[in-house]
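# Survey of secondary and tertiary structure
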Amino acid sequence: MSNILEYKPFFPIDSIQKVCNLFEEQLRSEKEPDLALFSIIVGAVENNLTNIKNSDKDVNLATNKFVKMKFPSIEWDEVKSLYERFVSMMRAGVDTKLLIGEFASRDLVKRVADVVWNSLTRSYYKDRAHLQSVYSFLTGNKLDCFGVAFAVTAGCQVLGKRDVHLALSEDHAWVVFGKDRTDTAEVTWHGKGNEDKRGRSVGDGVLARSWLYVAGKPVVCTRMMELAALVSSINPTLTPTIDVHEVAQMQHRLLWLLYDNGHLEAYPMALGNLGDLDEYMKISNCTENTEDSLLIENGSKNSRPDSAALYVQAIRSARTHYDDRHVYPYTFQGGYYHRHKMYKEAFHAWACAGDVIRHYNYSRDDEEIYKEFAEIANELIPQLMKAESSGHSARSILKDPECFASLLRFYDGICKWEEGSQTPILHIGWAKPLVSTISKFDAEVRAQVHIICNPDSEEPSEEKEVDTEDNKKDNDKWNNNSDNIEMSVREQLTMAVNSRPRVTLYSHKMAALKPLLLAERLNTHALQLQLTAQSQLQRPQAPAKRRDDDDHTPVAPTARAKRARRER
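The text that follows walks through the structure, step by step, so that each part is easy to find. (Residues numbered from 1 in each chain as written. Predicted model: local features only at pLDDT ≥ 70, side-chain atom pairs only at ≥ 80, totals over all residues. Heavy atoms only, no water.)

Attention now goes to the pairing of strand S3 (residues 173-177). The element S3 is extensively covered by neighbouring structure, given that 5 of its 5 residues are classed as buried. Burial along S3 is two-sided: Ala173, Val175 and Phe177 and Trp174 and Val176, pointing in opposite directions, are all buried. Note that strand S2 (residues 165-168) and S3 share 4 bridges and pair antiparallel. Among the inter-strand pairings, Leu168 is bridged to a residue of S3, identified as Ala173. Turn length for the S2-S3 hairpin, with the two strands adjacent in sequence and antiparallel, is 4 residues. In this antiparallel pair of consecutive strands, S3 and strand S4 (residues 183-185), the connection spans 5 residues, and Gly178 shows a positive phi of 100 degrees. (Buried < 20%, exposed > 50% of the residue type's maximum accessible area, 1.4 Å probe, protein only. Helix = DSSP H or I, 4+ residues; strand = E, 2+ residues; numbered from the N terminus. Pairing = 2+ DSSP bridges.)

The next subject is helix H15 (residues 367-389). With 23 residues, H15 should cover 33 Å at 1.5 Å per step; its first-to-last C-alpha distance of 32 Å lies within 8% of that length. At Ile376, H15 is bent by approximately 35 degrees, the largest bend along its length. (Expected span 1.5 Å × (residues − 1). Bend = angle between axes of the 7 residues up to and from the residue.)

Glancing now at the pattern of salt bridges. One pass over the structure, following the stated rule, counts 21 salt bridges. Ionic pairing is found between Asp276 and Arg339, a salt bridge with its closest N-O pair at 3.5 Å. Of this pair, Asp276 sits in helix H10 (residues 268-283) while Arg339 sits in helix H13 (residues 328-339), placing them 63 residues apart in sequence. The exposure class of Asp276 is buried, given its relative accessible area of 2%. For Glu368, the salt bridge goes to Lys371, with nearest N and O atoms at 3.2 Å. You can see Glu368 and its partner Lys371 sitting in helix H15, 3 residues apart, about one turn around the helix. Take Glu368: its relative accessible area is 2%, and that puts it in the buried class. Given the relative accessible area of 14%, Lys371 is considered buried. Through salt bridges that share partners, Glu32, Arg162, Arg223 and Glu226 make up one connected network. (Salt bridge = Lys/Arg side-chain N within 4 Å of Asp/Glu carboxyl O.)

One can find Ser210 in the loop between helix H7 (203-207) and strand S5 (219-220). According to the relative accessible area criterion, Ser210 is buried, its value standing at 9%. If near-sequence neighbours (up to four positions away) are discounted, Ser210 is found in contact with Gly205, Ala215, Tyr360, Asn361 and Asp366. (Contact = heavy atoms within 4.5 Å.)

A word on the sheet that holds strand S6 (residues 237-239). As summarised here, the arrangement of the 3 strands in space is S1-S7-S6, forming an open sheet in which the pairing is mixed. The sheet terminates laterally at strand S1 (66-67) and S6, the two strands that pair on one side only. The pairing of S1 with strand S7 (residues 242-244) spans 2 bridges and is parallel. Looking at S7, one finds that Val67 is bridged to Val244. Packing of helix H9 (residues 245-260) onto the sheet brings it into contact with S1 and S7, and relative to S7 it is tilted by some 60 degrees. (Axes fitted to C-alpha atoms, helices over the stretch in contact; angles between N-to-C directions.)

This part is about unusual backbone geometry. The amide bond that connects Phe11 to the next residue, Pro12, takes the cis arrangement and shows omega of -5 degrees. Note on placement: Pro12 falls in the segment before helix H1 (16-28). The phi dihedral of Asp323 falls on the positive side, at around 55 degrees, and the residue is not glycine. Here Asp323 falls in the partly exposed class, since its relative accessible area comes to 44%.

Let's shift gears to the sheet that holds S5. Taken in spatial order, the 4 strands of this open sheet run S4-S3-S2-S5, and their pairing is antiparallel. At either margin of the open sheet sits one strand with a lone partner, and together these are S4 and S5. In this fold helix H6 (residues 145-158) packs onto S2 and S3, with an angle of close to 155 degrees to the strand it touches most, S2.

The next subject is the packing of helix H12 (residues 307-322) against H13. The geometry of H12 relative to H13 is characterised by a closest axis approach of 8 Å and an angle of 160 degrees between their N-to-C directions. As the angle between them shows, H12 and H13 are arranged roughly antiparallel. At the point where H12 passes H13, the crossing takes the left-handed sense. Facing Ser307, Ala308, Tyr311, Val312, Ala314, Ile315, Ala318 and Arg319 of H12, the residues of H13 in contact are Pro329, Tyr330, Phe332, Gln333, Tyr336 and Arg339. Partitioned by chemical class, the residues of the contact of H12 with H13 number 10 nonpolar, 2 polar and 2 charged. (Parallel < 35°, antiparallel > 145°, perpendicular 65-115°, else oblique. Left-handed = near helix turned anticlockwise from the far one by under 90°. Nonpolar A, V, L, I, M, F, W, Y, C, P; charged D, E, K, R; others polar.)

Under the defined criterion, the tally for this structure stands at 19 aromatic pairs. Between Trp256 and Tyr259 the ring centres are 5.1 Å apart and the planes differ by 85 degrees, which places this aromatic pair in the edge-to-face class. A residue pair is termed a helical-turn pair when its members lie 3 or 4 positions apart in one helix, as Trp256 and Tyr259 do in helix H9 at 3 residues. Residue classification places Trp256 among the buried positions, given a relative accessible area of 3%. The rings of Tyr362, Tyr370, Phe373, Phe410, Tyr411, Trp417 and Trp430 are connected pair by pair, giving a single aromatic cluster. Positioned above the aromatic ring of Trp117, the side-chain terminus of Arg198 is 4.1 Å from the ring centre. Stacked on the ring of Tyr506, the Lys or Arg Arg358 has its end atom at 3.9 Å from the ring centre. (Phe/Tyr/Trp six-rings, centres within 6.5 Å; stacked < 30°, edge-to-face > 60°. Lys NZ or Arg CZ within 6 Å of the ring centre and 35° of its normal.)

Taking 1.5 Å of rise per residue, 15 residues should cover 21 Å, and helix H14 (residues 343-357) covers 21 Å from first to last C-alpha, within 8% of that figure. In terms of burial, H14 is largely enclosed, as 13 of its 15 residues are buried.

For the rest of this paragraph, the subject is the environment of Asp14. Structurally, the position occupied by Asp14 is in the segment before H1. Under the relative-accessibility criterion, Asp14 is labelled partly exposed at 35%. Leaving out residues up to four positions away in the same chain, Asp14 has contacts with Phe71, Pro72 and Ser73.

The topology assignment puts His172 in the loop between S2 and S3. Residue class for His172 comes out buried when judged on its relative accessible area of 6%. In this structure the side chain of His172 is engaged in a polar contact, spanning 2.9 Å, whose partner is the side chain of Glu186. (Polar contact = N/O pair within 3.5 Å; in protein donor to acceptor, adjacent residues only side chain to side chain.)

Everything listed here is a matter of geometry and, on its own, says nothing about what the molecule does.
Okay, structure coming up:
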């Protein structure tokens, strides 16, 4: 391990610039970052700035979306003391016999996890903000799910085991270790924390086709990516509706530093967070003029992508590195398009999210992604459809068969997700908005979509594309006859038939609805009945049980602890 005394000249840390200076020094260094040290520093800044007791008493918290706070002064002695306590805790809690050998063993990883676990308070802190750092662990004995996994990784690092690295799905974390980093171990809890899996392999979760384990395609971090995970996990919320200006700005600048040095290229969630954060900062006018001028001087500001391009990069990263098994890159993009009233593009992004989720089996561990899809299907889509149906625009999405095709792909993905799962999804609270949405498309629009039913196939969807400019042009070709002037009538008709929007339905439930979907007059009652009926074609290993028809109350519009989603 590096000698932490080399970081002393950066203290006291009393500004965002000094935090950035510390990271820049690390990025220039050939030594691997000390995870515990950086987590203590970043955690100290975040926890001090988001302590509501420190907020300006003159600020009306009820009327502000973000507030400015006085930046704390983080002193070297405090950081050094906390760091030494963490190292002592790890060394005292682990038998030296477990440290023999170049690589970590499963027993060692479990022991480090036990040291962290047994030091926590007995309560579980699901979705509580600001509990992800080693600082929170040492000062309050509290950690969230991600925080435990990060602390275990940092603990193994201070014990000299450099093969132990953080593995991140979209809502869970574990570690990989061994010579080839092929061994996996659970080290933290998930959900209500009532099941202790520490030390076990994650193989069972992967075999169960659980979204929680992303089909065995997690982000396996390098040390610098672990630093990126630390920054991406920063939460700027002061209250459920208010963010702290300085924390958001610090996270924004640090993520760009890591991006500029290539450490986010294989990290879709961080790219999506940066896209959301970049848009949020611009809308809130939080970007400092001094920061802008520095970037222009260095020539990096003009070369940095905008939010839309970052979402495309996140999707490309998920496809390139993780076999397109990550959902959030598409919901990041869909949310962006929705906020900018680009509804056709939003439908396409959400359809791609449906294409991903159909590869999994739904379980109660999927609460976060369930809420994501419930919000899209039962709030965002009905709201925009209501707004669109009240207008008379000739280019309305209601008259666009490609939008109808995208919606079918989206709903088909959810139905396929439900198949073979122990808990049904499509209760009446889902079925009513779905049927209402479909009914807003005229029969002539629905008839233009070529529906292919292939419920027993696992082949990837042919419709999924990243929304680049070229793809947008391709998507609109069937609708553009300007280039067909010199074609014969027969050629134009042939081209029109071949270029009809096409959608493949992979779920038995949606495939069975094909006649109803294409009927001239929609039978909404029959649609609702078939959607809510428990499928008789589920996989035999998963006996079906009826879930309670409880409505999942949408989360208040704020930054989430697990995925920094911001509603504007």
